[in-house]
2 protein chains.
Amino acid sequence: MREVARAAGVSASTVANVLSRPWIVAPDTRDRVEQTIRDIGYVRNGPARQLRGLPSPIVGSVILDLANPFYAELNRGIEDRLAEAGCLVLTCSTDHQSVREKQLLGLLEEQAVRGVIISPSGADPTALLEMSRRGTPVVLIDHPRGHPDLCAVTVDHRSGGRLVGEHLLGLGHRRFAYLGSTLVADGVNQRREGLREALTAAGLDPEQALLDLRVPMQPPPLVDAAAGAVEQVVHADPRPTALVCLNDTAALGALHGLEAAGLRVPEDISVVGYDDLSFASRLAPPLTTVSQPTYQLGRAAADLLLDEAEPGHTHRETLFPPALVVRSSTAAPSG
Amino acid sequence: MREVARAAGVSASTVANVLSRPWIVAPDTRDRVEQTIRDIGYVRNGPARQLRGLPSPIVGSVILDLANPFYAELNRGIEDRLAEAGCLVLTCSTDHQSVREKQLLGLLEEQAVRGVIISPSGADPTALLEMSRRGTPVVLIDHPRGHPDLCAVTVDHRSGGRLVGEHLLGLGHRRFAYLGSTLVADGVNQRREGLREALTAAGLDPEQALLDLRVPMQPPPLVDAAAGAVEQVVHADPRPTALVCLNDTAALGALHGLEAAGLRVPEDISVVGYDDLSFASRLAPPLTTVSQPTYQLGRAAADLLLDEAEPGHTHRETLFPPALVVRSSTAAPSG
DNA sequence: GTGAAAGCGCTAACAA
DNA sequence: TTGTTAGCGCTTTCAC
């Protein structure tokens, strides 16, 4: 900046003014300085501006796994909304490891980011609360906020699970399997709870009517783990007539596993996914699933985060409803 | 930091030493300071450290579209490699818009990031060269480096296209269609060139034997655009017996469009994708495609970028080979 | 082993 | 309208 000032024959603060409050600079001085900036190829130093107290344009996004298309699309929603405010997204995957999550939060806080949008890997919000108290706003995604000092964007997965249950019950199913994960992923458990609720409401005992499967989230890749896990469904006696999967990726693996075991979908067994990823409608058979407004979730989270900087901000939760998408992987049970 | 110093009864520089060069501090002083840091909840200020000349831990990743699973996985490769070096990834999608790309590069340079890994949306490298000259290292992904001052990680797509062509020719195909895009995406064009080379080598005239289709990359979503574009293949006379798509997502749409038109794959027409995304093997029919070491591409790019900081760094290009994966969407033409 | 001091590049209040 | 000045929080000599 000093160099530009010297070359343009003005003081450093005039250069600063041209950059930050151009309207207070005389037009010809401004033109001269701007020309010099271009000639020299001068680029402003963000860290120095931050040091002076300006807000960072960077927002941290801490998610479970960017390679999961659900999170990738969510992140696009975050990015697009933030871009409208001139902000950038620092994307971090935790792979469900809370140690890694803690590291990442530490790094982000040191960078003095504008805020953090997080899909937490554990249930304990204390680290997030402290971070928020120290001045880095936090928005939870896909997790109940658990404290009035945080904002959150959530989907009513319980209702999603209920929709699936009601759909299958309506088709005449009475024996179910739920392919969940070994992790305490809140959303995934809510889906199971909703399913159980639907069974109970139909007069069934979930302990009897629902076979509970858990696959490790990784490694190996979920799609392979799911393919393996369906073995248990295939050999269960009596065998469930409907398999509800925690998400579409698991359903993809399940379809594969069922095919390998010689079971036809939906004739021998119905399969349901969750997320409605882009490939769901093109699988064989097209997958019945539950769609979430994934991209909008991201935008909403970014909205909340940006709002944290506003004077009258109040912490709040935005709740989205899921929607059942019926395709051909579900049908009435045979026999 | 001053606050910690006061509370611990030492000077600010001792606190700094505890943080940056703990070994030169007396053990008991160090313990006392560390305890105070924890009590107070002190967090180091990254921007201030950067201002002092330390390198930023942030690397920019500028890609075409994070919602495309190919880039999402690529980005995971980048992230994982950088994490090993304690770095973070600032992920930006350009949606093929060079205006947006320019904006993003400007923002990243202002943030004084450690470097930028970019999958460029245009062919002109001057902006990147200038950035590199000003001190922000640049690594190109999926794009020839075009200048010895840049590093690049590339895949031999020409060879990929050739593999596809040879496979289809070997099955007996003589009339082809290539579903490309309206953009000057270098990799996508290379694939077509490879395909044309194979045809030429087999004694065919590409101008005659190859129907060239172009779909706009967006909007609408590529998968829908591709579904629409296959109309032209269906109604072509004589109709091509093999459809080669620029990537798996386009192939997904093409399968859909062909099904809607009443054509069977592979009996009536063979279809080939590119990328080998996770769903490719589970489509109906399982998709013949070309796999790239996507995750490794990301790691290799991060490797090169980190190496830029080393004293003896020489700019270079890392080239990966693609591999044909034959599944059931290709077969000998009927009749 | 510890502290004092200079300065990284910038912004904003104030003086000229 | 432009320039002078005082830091923002930190690292790093260099005395002590």
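The preceding data block contains the structure.
**Points about the overall build of chain A**
- Helix and strand counts for chain A stand at 13 helices and twelve strands.
- In terms of C-alpha radius of gyration, chain A reaches 26 Å, well past the compact-globule figure of 20 Å for 335 residues.
- Each of the three principal axes of chain A carries a C-alpha extent, and together these read 90 × 40 × 30 Å.
- The buried share among the 335 residues of chain A stands at 55%.
- For chain A, contacts bridging at least 24 residues in sequence account for 67% of all contacts bridging at least 6.
- Here chain A displays about 13,900 Å² of accessible surface, and carbon together with sulfur accounts for 50% of that area.

**Some remarks on the protein's contact with DNA strand C**
- Taken together, the neighbourhood of DNA strand C is formed by 22 residues, with Tyr-42 and Arg-49 of chain A together with Thr-14, Thr-29 and Arg-52 of chain B sitting nearest.
- Near the protein, within 4 Å, the atoms of DNA strand C are sugar or phosphate in 64% of cases.
- Here a phosphate oxygen of DNA strand C and a side-chain polar atom of Tyr-42 of chain A are 2.4 Å apart.
- In this structure, Ser-13 of chain B approaches DNA strand C through a side-chain N or O atom, which is 3.4 Å from a base nitrogen.
- Contributing elements (two or more residues each) for the surface near DNA strand C: helix 2 (12-20) and helix 4 (46-51) of chain A together with helix 2 (12-20) of chain B.
- Take the surface near DNA strand C: its biggest share by element is three residues, from helix 2 of chain A.

**Some remarks on the protein's contact with DNA strand D**
- Taken together, 23 residues surround DNA strand D, and among them Ser-13, Thr-29 and Arg-52 of chain A together with Tyr-42 and Arg-49 of chain B come closest.
- Within 4 Å of the protein, the contacting atoms of DNA strand D are drawn from sugar and phosphate to the extent of 61%.
- Between a phosphate oxygen of DNA strand D and a side-chain N or O atom of Ser-20 of chain B, the distance comes to 3.5 Å.
- Separating a base oxygen of DNA strand D from a side-chain N or O atom of Arg-52 of chain B is a distance of 2.8 Å.
- Mapped by element, the contributors of at least two residues to the surface near DNA strand D are helix 2 of chain A together with helix 2 and helix 4 (46-51) of chain B.

**With respect to the sheet that holds strand 9 (residues 270-272) of chain B**
Residue and element names in this part refer to chain B.
- Strand order in the open sheet formed by four strands is 7-6-8-9, and the pairing between neighbours is parallel. The sheet terminates laterally at strand 7 (210-215) and strand 9, the two strands that pair on one side only. With strand direction ignored, the average angle separating the axes of adjacent strands in the sheet is 20°.
- The pairing of strand 6 (residues 176-181) with strand 8 (residues 242-245) spans four bridges and is classified as parallel. When the sheet's bridge partners are listed, Phe-176 is paired in strand 8 with Ala-242.
- Against the sheet, helix 12 (residues 248-260) touches strand 6, strand 8 and strand 9, its axis set at about 145° to strand 8.

**Looking at the interface of chain B and chain A**
- Listed by partner, the interface residues are 46 residues for chain B and 46 residues for chain A.
- Around 4,100 Å² of area is buried between chain B and chain A when both sides are counted, 62% of it from carbon and sulfur atoms.
- It is Arg-76, Leu-88 and Arg-282 of chain B in chain B that bury the most area against chain A; as a group they hold 17% of the surface buried on that side.
- Where chain B touches chain A, the interface holds six salt bridges.
- Between Asp-224 of chain B and Arg-282 of chain A there is a salt bridge; the shortest N-O distance is 3.8 Å.
- The tally of links between chain B and chain A comes to 13 residue pairs in polar contact (both at pLDDT 80 or more).
- Secondary-structure elements contributing two or more residues to the side of chain B that touches chain A are helix 4, helix 5 (69-84), strand 2 (88-93), helix 6 (98-110), helix 11 (222-235) and helix 12 of chain B.
- Residue composition of the side of chain B that touches chain A, by class: 23 nonpolar, twelve polar and eleven charged.

**Structural notes on the environment of Val-326 of chain A**
Residue and element names in this part refer to chain A.
- Looking at the secondary structure, you find Val-326 in the segment after strand 12 (323-325).
- Linking Val-326 and Ile-40, residues 286 residues apart in sequence, is a C-alpha distance of 61 Å.
- Apart from residues no more than four positions distant in its own chain, Val-326 is found in contact with His-167 and Thr-288.

**Description of the packing of helix 2 of chain B against helix 3 (residues 27-40) of chain B**
Residue and element names in this part refer to chain B.
- Running from N to C, helix 2 and helix 3 cross one another at 90°; their axes reach a closest spacing of 10 Å. In terms of axis orientation, helix 2 runs roughly perpendicular to helix 3. Listed contacts from helix 3 to Thr-14, Val-15, Val-18 and Leu-19 of helix 2 are Thr-29, Arg-30, Val-33, Glu-34 and Ile-37.
- When grouped by side-chain class, the residues that make up the contact of helix 2 with helix 3 number five nonpolar, two polar and two charged.

**Describing the state of the cysteines**
- Overall, the coordinates contain zero disulfides over all chains when judged by the stated rule.
- Here Cys-87 of chain A stays free of any disulfide, with the sulfur of Cys-92 of chain B as its closest cysteine sulfur at 12 Å.
- Given a relative accessible area of 3%, Cys-87 of chain A falls into the buried group.

**Some details on the relation of the copies chain B and chain A**
- When chain B is fitted to chain A, the best match, at an RMSD of 0.0 Å, comes from turning it 180° and sliding it 0.0 Å along the axis. Both copies are brought into coincidence by an operation consistent with a two-fold rotation axis.
- The overlap is high: 100% of the interface residues of chain B also sit at the interface in chain A, so the same surface is used on both sides.

**Side note on the sheet that holds strand 9 (residues 270-272) of chain A**
Residues and elements named next belong to chain A.
- Read across the open sheet, the four strands follow the order 7-6-8-9; overall the sheet is parallel. Across the chains shown, the open sheet's two edge strands, defined by having one partner strand only, are strand 7 (210-215) and strand 9. Averaged over all pairs of adjacent strands, the angle between strand axes in this sheet comes to 20°, irrespective of strand direction.
- Sheet contacts for helix 11 (residues 222-235): strand 6 (176-181), strand 7 and strand 8 (242-245); angle to strand 7, the most-contacted strand, approximately 145°.
- With respect to the sheet, helix 12 (residues 248-260) is in contact with strand 6, strand 8 and strand 9, its orientation differing from that of strand 8 by roughly 145°.

Cut-offs used in this document
Residues numbered from 1 in each chain as written. Chains lettered and ligands numbered in written order. Predicted model: local features only at pLDDT ≥ 70, side-chain atom pairs only at ≥ 80, totals over all residues. Heavy atoms only, no water. Helix = DSSP H or I, 4+ residues; strand = E, 2+ residues; numbered from the N terminus. Rg over C-alpha atoms; globule rule 2.2 N^0.38 Å. Buried < 20%, exposed > 50% of the residue type's maximum accessible area, 1.4 Å probe, protein only. Contact = heavy atoms within 4.5 Å. Areas by Shrake-Rupley, 256 points an atom, 1.4 Å probe, with all protein chains shown as cover. Near = heavy atom within 4 Å. Polar contact = N/O pair within 3.5 Å; in protein donor to acceptor, adjacent residues only side chain to side chain. Pairing = 2+ DSSP bridges. Axes fitted to C-alpha atoms, helices over the stretch in contact; angles between N-to-C directions. Buried area = accessible area lost by both parts, 1.4 Å probe. Salt bridge = Lys/Arg side-chain N within 4 Å of Asp/Glu carboxyl O. Nonpolar A, V, L, I, M, F, W, Y, C, P; charged D, E, K, R; others polar. Parallel < 35°, antiparallel > 145°, perpendicular 65-115°, else oblique. Disulfide = S-S within 2.5 Å. Least-squares fit on C-alpha atoms with pLDDT ≥ 70 in both.

Bear in mind that shape data such as this cannot, by itself, settle questions of function.
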